[in-house]
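Inside the fold
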Amino acid sequence: MSDIKKILVLGGTGEGIALAEALREIPHIHVISSLAGRVANPKLPPGEVRIGCFGGAAGLAAYLNDNRIAAVIDATHPFARRMGWNAAEAAAVAKVPLLRYERPAWVAQPGDRWIEVDDWAQAVEALRRSARRVFLALGRQELAPFAQLADIAFVIRSVEPPDAGMKFAQAELVLARGPFKLEEERDLLQAHRIDHLVCKNSGGSATDAKLQAARELSITVVMQRRPPRPDTLRVANIAAALDWVRGL
Ligand code: NAP
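Residues numbered from 1 in each chain as written. Predicted model: local features only at pLDDT ≥ 70, side-chain atom pairs only at ≥ 80, totals over all residues. Heavy atoms only, no water.

Let's talk about the nonpolar core
The nonpolar side chains of soluble globular proteins are, as a tendency, buried together. What counts here: To define a nonpolar core, start from buried Ala, Val, Leu, Ile, Met, Phe, Trp, Tyr and Cys residues and group those joined through side-chain atoms within 4.5 Å. Each residue gets one of three labels from its accessible area relative to the maximum for its type: buried under 20%, exposed over 50%, partly exposed in between, using a 1.4 Å probe on protein chains only. For the purposes of this entry, the term helix denotes a DSSP run of H or I that reaches at least four residues, the term strand denotes a run of E that reaches at least two, and both are numbered from the N terminus. The contact criterion used throughout is that any non-hydrogen atoms of two residues lie within 4.5 Å.
If you look at the biggest cluster of nonpolar residues, it comprises 20 residues, and the most contacted ones within it are Leu 127, Val 134, Leu 136, Phe 146, Phe 154, Phe 168 and Val 198. Among the secondary structure elements, those contributing two or more residues to this core are helix 4 (120-130), strand 7 (133-137) and strand 8 (153-158). Counting residues per element, this core draws most heavily on helix 4, which supplies 4 residues. If near-sequence neighbours (up to four positions away) are discounted, Leu 127 is found in contact with Val 134, Phe 146, Leu 149, Ile 152, Phe 154, His 196, Val 198 and Val 222. Membership of the second largest hydrophobic core comes to 19 residues, among which are Leu 23, Ile 29, Ile 73 and Val 235.

Points about the side chain of Arg 229
Heads up, the condition is: In the analysis that follows, any N or O atom pair within 3.5 Å is treated as a polar contact, provided that within protein one partner can donate a hydrogen and the other can accept it, and provided that, for residues neighboring in sequence, both atoms belong to side chains.
Topologically, Arg 229 is positioned in the loop between strand 11 (220-224) and strand 12 (234-235). One polar contact links the side chain of Arg 229 to the main-chain carbonyl oxygen of His 77, over a distance of 2.9 Å. Non-local contacts of Arg 229, meaning those with residues more than four positions away in its chain, are made with Asp 74, Thr 76, His 77, Pro 78, Ala 80, Gly 84, Trp 85, Arg 100, Glu 102 and Arg 234.

Section: the domain arrangement of the protein chain
Basically, it comes down to this: Boundaries of every domain are those given by an automatic assignment or by a domain database. Note on terms: buried area is the combined drop in 1.4 Å-probe accessible area of two parts once they are placed together, counting the loss on both. Whenever a carboxyl oxygen of Asp or Glu lies within 4 Å of a side-chain nitrogen of Lys or Arg, that contact is scored as a salt bridge. Under the grouping applied here, Gly and all other residues not named as nonpolar or charged are polar, the nonpolar ones being Ala, Val, Leu, Ile, Met, Phe, Trp, Tyr, Cys and Pro and the charged ones Asp, Glu, Lys and Arg.
Entries for the protein chain in the domain assignment read domain 1 (5-104 + 228-246) and domain 2 (114-224). Taking only C-alpha atoms, the centre of domain 1 and the centre of domain 2 are 31 Å apart. Taken together, the contact between domain 1 and domain 2 spans 5 residues of the former and 7 residues of the latter. Roughly 460 Å² is buried in total at the junction of domain 1 and domain 2, and carbon and sulfur atoms are behind 51% of that figure. Among the residues domain 1 hides against domain 2, the three largest losses belong to Phe 79, Arg 81 and Arg 103. Together they make up 76% of the total. The interface formed by domain 1 and domain 2 holds 0 salt bridges in total. Put simply, domain 1 and domain 2 have 1 residue pair in polar contact (both at pLDDT 80 or more) between them. Here the residues of the side of domain 1 that touches domain 2 are counted per class, giving 3 nonpolar, no polar and 2 charged.

Some details on the site of the ligand
Filter applied, for reference: Nearness is defined per residue: one heavy atom within 4 Å of the molecule or strand is enough. Accessible surface area values rest on a Shrake-Rupley calculation with a 1.4 Å probe, where residue burial reflects the displayed protein chains alone.
Taken together, 23 residues lie around the ligand, and Ser 34, Arg 38, Phe 54, Arg 82 and Met 83 are the ones closest in. In the model, an oxygen atom of the ligand is placed 2.9 Å from a nitrogen or oxygen of the Gly 11 main chain. Here an oxygen atom of the ligand and a side-chain polar atom of Lys 200 are 3.3 Å apart. Against a free-state accessible area of 800 Å², the protein chains account for coverage of 76% of the ligand. Breaking the shell around the ligand down by element, the ones donating at least two residues are strand 2 (29-35) and helix 3 (83-94). For the shell around the ligand, the class distribution of residues is 8 nonpolar, 10 polar and 5 charged.

Below, the structure is given as structure tokens:
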């Protein structure tokens, strides 16, 4: 048992699940996946799962020591603002190697008209200047800052309906869950005569068709940049993460 290495995967993402699955092929590794516990019925990774916060970087460092964790892989969402910093601090304190596994960000292609913003306040200002008909491809918790733009007609696409208290002067709701096809995205943007699209730079292929459709239709994309992360060793695919684990 003593030569089994315990790997803590900080998850809450599709990447975290895929990684826990893939790590099963490496002998002498025991994976513990950690979820924050925000979602009522989360999709669970295979193997051991722990749920709930650690209590900041100090709490995570104590967890690493108490559980004799050999290495940490931070596979949290690119827009999870805090956890990467906690992981870097805790790994340094506990002297445990740390890897960041992250899907690559989308990068503007020739023909793209992107306005990159750091937060929704900047996005609201960008829209106020020139937008009339806007497609919001955002989670329902992110919509509130846009409700103040009474002169703009919105099409809101989210997985679940926005809170009843949220009042948009002009908005149409499209309830849908990705992945989305290019034809569907093109049809939606054209049918609603959209001139601006707002989204976060999530990366990945499940929801990138809207960007191609926007490029073809010369629609401006207001793109929220990813928040800063510590300068940790990073990989962008599972094969590279597995190589790192094999080398521990
Ligand atoms: P965050 O700002 O980075 O984290 C806030 C706090 O939640 C952390 O300080 C930590 O609490 C706890 N936490 C976060 N991830 C955890 C994990 N994997 N295991 C245990 N505790 C965790 O992240 P967030 O934006 O609130 O997101 C929470 C979780 O949802 C993350 O795991 C993330 O991968 C997932 N998620 C986020 C988004 C998004 O857009 N933000 C989208 C999809 C999935 P303590 O400091 O007390 O330990």
